[in-house]
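Reading the structure
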Amino acid sequence: MFTQIDHVGIAVADLDEAIEFYRKAFDMEVVHEETNEEQGVREAMLAVGGSGSCLQLLAPLNESSTIAKFLEKSGPGLQQLAYTVTDVDAVSETLRERGLRLLYPEARRGTANSRINFVHPKDAGGVLVELVEKAKDTDH
Ligand code: CMX
């Protein structure tokens, strides 16, 4: 079902400060950065060696952002665990059949034109699980 850990998402208040921290503390470099208006985030992907898995830093674009709400309630820290899938529609359907709530009826646009959906954290042991079907022309 899942082919690898795509990324681990961390909520941060200030994206530039967080990027600087990860660079200085852990020698990690940004491989992709973008603003996703629909998700209400400024985000950066940082490579974890050559593993193909990334760390995703997520900062809120505005006060109504999911990340703003998360920071207010829980403070900065782990917000989501994302798995790579080859077909997000098929995996979403399988998980629905297994009784898990998917957040979106249809996949939405994620990082670098990937197609994404989420399993509600209450149905996954308190973990917000993201499903990521990568765009064909990207390696992150
Ligand atoms: N991880 C684990 N639990 C979480 C959570 C998270 N990230 N976010 C919320 N919860 C918990 C809450 O603490 C709450 O628990 P309690 O009822 O025990 O207090 C419960 O889930 C429901 O919370 P809620 O207040 O009803 O719902 P929220 O408004 O917090 O929304 C969620 C939760 C998952 C629906 C929302 O965060 C969401 O839509 N997430 C998907 C989109 C997203 O995360 N976008 C940003 C990243 C974009 C990207 O990756 O590209």
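The name recorded for the protein in an unreviewed UniProt entry is Methylmalonyl-CoA epimerase, from Antricoccus suffuscus. The UniProt entry for the protein carries the following text under Sequence similarities (unreviewed entry): "Belongs to the methylmalonyl-CoA epimerase family."

Mapping Gln-56 onto the fold places it in strand S4 (residues 54-60). A relative accessible area of 3% means that Gln-56 is categorised as buried. At 3.2 Å, the side chain of Gln-56 forms a polar contact with the side chain of Glu-43. Sequence-distant contacts of Gln-56, defined by excluding residues within four places in its chain, comprise His-7, Val-8, Gly-9, Ile-10, Glu-43, Ala-44, Met-45, Gln-80, Thr-111 and Glu-130.

Moving on to the site of the ligand. Around the ligand, the surrounding shell holds 17 residues, and the nearest of these are Gln-39, Lys-73, Gln-79, Gln-80 and Lys-122. For the ligand, a nitrogen atom lies 2.8 Å from a polar atom in the side chain of Gln-39. Summarising the interface, the protein chains cover 67% of the accessible area of the ligand, which totals 970 Å² for the free molecule. When contributions to the shell around the ligand are tallied by element, the ones reaching two or more residues are S4, helix H2 (66-74) and strand S5 (77-84). Per element, the largest residue contribution to the shell around the ligand is three residues, and it comes from H2.

Calculation notes
Residues numbered from 1 in each chain as written. Predicted model: local features only at pLDDT ≥ 70, side-chain atom pairs only at ≥ 80, totals over all residues. Heavy atoms only, no water. UniProt positions renumbered as here; feature names shortened; annotations may be inferred. Helix = DSSP H or I, 4+ residues; strand = E, 2+ residues; numbered from the N terminus. Buried < 20%, exposed > 50% of the residue type's maximum accessible area, 1.4 Å probe, protein only. Polar contact = N/O pair within 3.5 Å; in protein donor to acceptor, adjacent residues only side chain to side chain. Contact = heavy atoms within 4.5 Å. Near = heavy atom within 4 Å. Areas by Shrake-Rupley, 256 points an atom, 1.4 Å probe, with all protein chains shown as cover.

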